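Residue strings, one per chain:
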Amino acid sequence: MADLDDDPVEHEIDVYLSSSLAENLYLFQYPVRPASLPYDNVPRLAARIKPIQQKVELELGINTQGPNYAKSKGEQIALNVDGSSSSGAGGGEDGAMFESNVMDKQILISDPNVVSMKQYAVGLFKNGELHITPLHGLIQLKPGFTYLDKADSRQKSENDGDLQEEVEEEAKPVTVRFSRPESEEAKARRLASYEYLHKQQQQESWIPCEYHHSQSELSEAEKVNLFSNRSQDFSEFHSSAKDYISMLLPPEANKTEERPALPSNVLSMTQLKTMTISDQIKALLINAKVIKYSQLMALLPRDTDPAIALRSLQQVAMLVQGCWMVKSEILYPKDTCSAHSGIPAEVLCRGRDYVVWRFTQNRFIVRKDISSVIKLPAEDVKDILQQMSKVRVNVGWEFIMEYDKEFIDKHPDVVQRQNMLWDAKYQQLAKVLKITKEMEKKIKAEAIVEKPRRRRNSSRSRTKSESERTRAHSQSEPSDNETNVQMEVDNNQIARVNGESNCVPMEISVETHSTNDNATSLEVKMELRNFIQEKLYSRYVISLSDLKRLFSIKLAQISSSETSITGGISEKLLEETVVEVGGVKLNNQWPVNSKEEPMYALAKTGDKFDVIRGIMLDMFTKQCKIRNAALKQQVELVTGEAPLEADTKRILKDYCVHKGMVWYLKGTLPDT
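If you're wondering where the values come from, they're calculated on a predicted model, not measured in any experiment.

Within the protein chain one finds 25 helices and 23 strands. Across the 672 residues in the protein chain, those meeting the buried criterion constitute 37%. Sequence separation of 24 or more characterises 68% of the internal contacts of the protein chain that already satisfy a separation of 6 or more. Approximately 42200 Å² of the protein chain is accessible, and the part contributed by carbon and sulfur atoms is 51%.

The structure is reproduced here in structure tokens:
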């Protein structure tokens, strides 16, 4: 209270708000004109305005008889702008700029206003009262020189006309071209371009205006509207002291809504508990993008009914490899666009649905394959892939979640329903994205889930493992003379950069007889395995006939005491052993007059060249010969990185023979 006594109120002024001219009140400024030289005494010849753009033009007269006016320069400017035959053509945009054949006027043009006018007003003080009127716009007028552009265009048109008169026009064939349909991306860029926006601004018509001096009778009459009508009820100024304080200082509870929002990857669990189950699931899916069913149930309240949760989950998410992914139309709502390129939400949803569908077919996808189909900008494609996958060097984009076999086994009805929905959605995508049948067959032929890798162990460890397996199996079925031993072989790592390898692995089921049959005993298998592994790692490519021949030579060179093999080895066992040691059977093309027989190749050794090996073997499934340049181009297309010529040449030398500037697979030529 002491402070208030030291600072007493000296005077009170009533403030009134007038809205009569609020929509038509502009403040004119002349930034390049000194205040000592106003335009008050300069004659106004014309005025026009574009209300939407708040653009104004004023034509002001120039005193051509003054001592500071260079008449020769004025005549020259008028001649350049209007030409020699423009006298008396009439004013306006279609007629002469300077009707008196001399530059007798200048044009003031307004600049675009980039300042918000919400906090500006014009105030008049009268009889101890302050009357304020909000400003609608701020107009800054500067001299314009558009007539110089008119002079340039006129001179250019005259030169073109003279040239056409000198050269007689000859008959020329006319080529008719039809423009391609405009894509959504091209349309979005066109609507955001400067040329389109400038064209839209030019289409607004000028509205002619009549200028009145500030001291004219009409101006004095309009100034009266700057004073408010006291008969109006201005409730915002008639609030009580308590209500006015409440408006200035809102209650503390309202401040909680103004707190900074959480990061996009953080979800408030406290706020989540206030939502319904369906809203909680939707919020979790939008935040996580991809989630397992077990993870979702762990985040929901303990008393949540699984049936209700699963029903709500299917409304906002779709099943991919046993996991749940938020629907595209929820992630990209209608009437929104991409933050990177301005692409409409409809196009983004279509592209994202195709990427998700590809992950239902394969665990790995290649970015270039996706971009060639959905045709979205690189930033949008990367953003979509990062939502659901992670980069694997020299492999591609891998689905971010592991395959949820537990959910697939427990809910077969949900899986069947989701498969039906995916089939229907794919039919729509294939029609819009123009996916051919060949592309569809190639994609659907790929494996969906990658099998676990098999680590290389020493011969001793492998012998012990297989001995234990054989012993355990024989104990479970002691009376059976034949047993089935299932061997897991990692076929997905054979250079399957994008899951498109055409190398067909052998069937992983090997029939073995009991140990009484010496030809197929465990010792025989291990000895055969070591032999084939040695030949594949030294030759890289070998035919079935060569494999049998070399094995026969090996048996002939060693005594019966040094080997346990005393009988014949079947072709089936040879092929199965090749696959077991990391080889593949090739569906390759043979040259003309070449003997077609099964060929085997070493597809993976664990080094950095496995990718090139897989791509090269894949190329041989489509043709019998390849070039080094073609191999380099295919590797760059699949991996996105250009390989070294020395690397591709090294692989070709290991697997192929060089003849006539091309490379043939070893053993496919008649003389190799």
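Working definition: two side chains of opposite charge can pair if their charged atoms are close together. Summed over the entire model, instances satisfying the criterion amount to 13 salt bridges. Between Glu57 and Arg48 there is a salt bridge whose closest N-O contact spans 2.9 Å. When its relative accessible area of 12% is taken as the criterion, Glu57 is described as buried. Looking at Arg48, the relative accessible area reads 15%, which means it is buried. In this structure, Lys142 and Asp111 form a salt bridge, with 3.1 Å as the shortest nitrogen-oxygen distance. Pair noted here: Lys142 is in strand S8 (residues 137–144) and Asp111 is in the loop between strand S5 (105–110) and strand S6 (121–126), with a separation of 31 residues, a long-range link. We classify Lys142 as partly exposed; its relative accessible area is 30%. Where salt bridges share partners, they join Arg48, Glu57, Glu59 and Lys105 into one cluster.

Right, let's get into the sheet that holds strand S22 (residues 656–659). Strand order in the open sheet formed by 3 strands is S21-S23-S22, and the pairing between neighbours is antiparallel. With partners counted over all chains shown, the strands left at the sheet margins are strand S21 (625–626) and S22, one partner each. Examined bridge by bridge, S22 and strand S23 (residues 662–665) share 4 bridges and lie antiparallel to one another. Residue Lys659 lies in a different strand from S23, and its bridge partner there is Val662.

Looking at the secondary structure, you find Ser389 in strand S14 (residues 389–392). On the basis of relative accessible area, Ser389 is assigned to the buried category, the value being 5%. A polar side-chain atom of Ser389 sits 2.6 Å from the main-chain carbonyl oxygen of Leu385. Discounting residues that sit within four places of it in the chain, Ser389 has contacts with Phe359, Trp397, Glu398, Phe399 and Ile400.

At their nearest, the axes of helix H23 (residues 610–620) and helix H24 (residues 628–639) sit 10 Å apart, and the two run at 115° to each other. Along this stretch, H23 crosses H24, giving a crossing that reads as right-handed. Note on element contacts: H24 touches H23 through Ala630, Leu631, Gln634, Val635, Val638 and Thr639, opposite Val611, Ile612, Ile615, Met616 and Met619. Across the contact of H23 with H24, the residue classes tally to 9 nonpolar, 2 polar and no charged.

Turning to the nonpolar core, a few remarks are in order. Membership of the largest hydrophobic core comes to 58 residues, with the highest contact counts inside it found for Leu313, Trp324, Tyr354, Val355, Met388 and Phe399. Looking at this core, the element that brings in the most residues is helix H13 (residues 345–361), giving 9 residues. When residues no more than four places from it in sequence are discounted, the contact partners of Phe399 are Val290, Val320, Gln321, Cys323, Met325, Phe359, Arg363, Met388 and Ser389. By size, the runner-up hydrophobic cluster in this structure holds 40 residues, among which are Leu550, Leu573, Leu574 and Met599.

Remark: helix H9 (residues 277–288) packs on helix H11 (residues 306–316), axes separated minimally by 9 Å, with the N-to-C direction vectors making an angle of 50°. Between H9 and H11, the angle is such that the two are oblique. Remark: the crossing between H9 and H11 carries right-handed chirality. Contacts between H9 and H11 involve Ser278, Ile281, Lys282 and Leu285 on the former and, on the latter, Ala309, Ser312, Leu313 and Val316. The class makeup of the residues in the contact of H9 with H11 is 5 nonpolar, 2 polar and 1 charged.

Positionally, Ile330 belongs in helix H12 (residues 328–331). Every residue in contact with Ile330, bar those within four places of it in the chain, is listed here: Lys282, Ile286, Gln315 and Val316.

Attention now moves to the confidence of the model for the protein chain. For the protein chain, the average pLDDT comes to 75, and 76% of its residues sit at 70 or higher. Contacts of residues 254–264 to residues separated by more than four positions or lying in other chains number 2 contacts, the stretch itself having pLDDT below 50. Confidence over residues 559–564 falls short of pLDDT 50; this stretch has 7 contacts with residues more than four positions distant or in other chains.

A few words now on the side chain of Glu185. Note that Glu185 resides in helix H4 (residues 184–191). Within the local environment of Glu185, its side chain forms a polar contact with the side chain of Arg189, the two groups lying 2.6 Å apart. Every residue in contact with Glu185, bar those within four places of it in the chain, is listed here: Ile343, Lys375 and Pro377.

Moving on to helix H15 (residues 378–388). Taken residue by residue, H15 has Asp380, Val381, Ile384, Leu385, Gln387 and Met388 as its buried positions. For H15, the angular spread of buried residues about the axis comes to 155°, placing them on one side.

What follows is about the packing of aromatic side chains. The way to describe two aromatic rings as a pair is by their centre distance and the angle between their planes. The final tally for this structure, using the stated rule, is 9 aromatic pairs. With a centroid separation of 5.4 Å and 50° between ring planes, the pair formed by Phe359 and Phe399 is classed as tilted. One end of the pair, Phe359, is in helix H13; the other, Phe399, is in strand S15 (residues 396–399), with 40 residues separating them in the sequence. Both residues of the pair, Phe359 and Phe399, belong to the buried class. Aromatic rings pair up to connect Phe98, Phe145 and Tyr147 into one cluster. One residue, Arg48, lies across the ring of Trp206, its end atom 5.9 Å from the ring centre. Note that Lys126 overlies the ring of Phe227, its terminal NZ or CZ placed 4.9 Å from the centroid.

What counts, and where the lines are drawn
- Residues numbered from 1 in each chain as written.
- Predicted model: local features only at pLDDT ≥ 70, side-chain atom pairs only at ≥ 80, totals over all residues.
- Heavy atoms only, no water.
- Helix = DSSP H or I, 4+ residues; strand = E, 2+ residues; numbered from the N terminus.
- Buried < 20%, exposed > 50% of the residue type's maximum accessible area, 1.4 Å probe, protein only.
- Contact = heavy atoms within 4.5 Å.
- Areas by Shrake-Rupley, 256 points an atom, 1.4 Å probe, with all protein chains shown as cover.
- Salt bridge = Lys/Arg side-chain N within 4 Å of Asp/Glu carboxyl O.
- Pairing = 2+ DSSP bridges.
- Polar contact = N/O pair within 3.5 Å; in protein donor to acceptor, adjacent residues only side chain to side chain.
- Axes fitted to C-alpha atoms, helices over the stretch in contact; angles between N-to-C directions.
- Left-handed = near helix turned anticlockwise from the far one by under 90°.
- Nonpolar A, V, L, I, M, F, W, Y, C, P; charged D, E, K, R; others polar.
- Core = buried A, V, L, I, M, F, W, Y, C linked by side-chain atoms within 4.5 Å.
- Parallel < 35°, antiparallel > 145°, perpendicular 65-115°, else oblique.
- pLDDT = per-residue confidence, 0-100.
- Arc of directions from axis to C-beta.
- Phe/Tyr/Trp six-rings, centres within 6.5 Å; stacked < 30°, edge-to-face > 60°.
- Lys NZ or Arg CZ within 6 Å of the ring centre and 35° of its normal.

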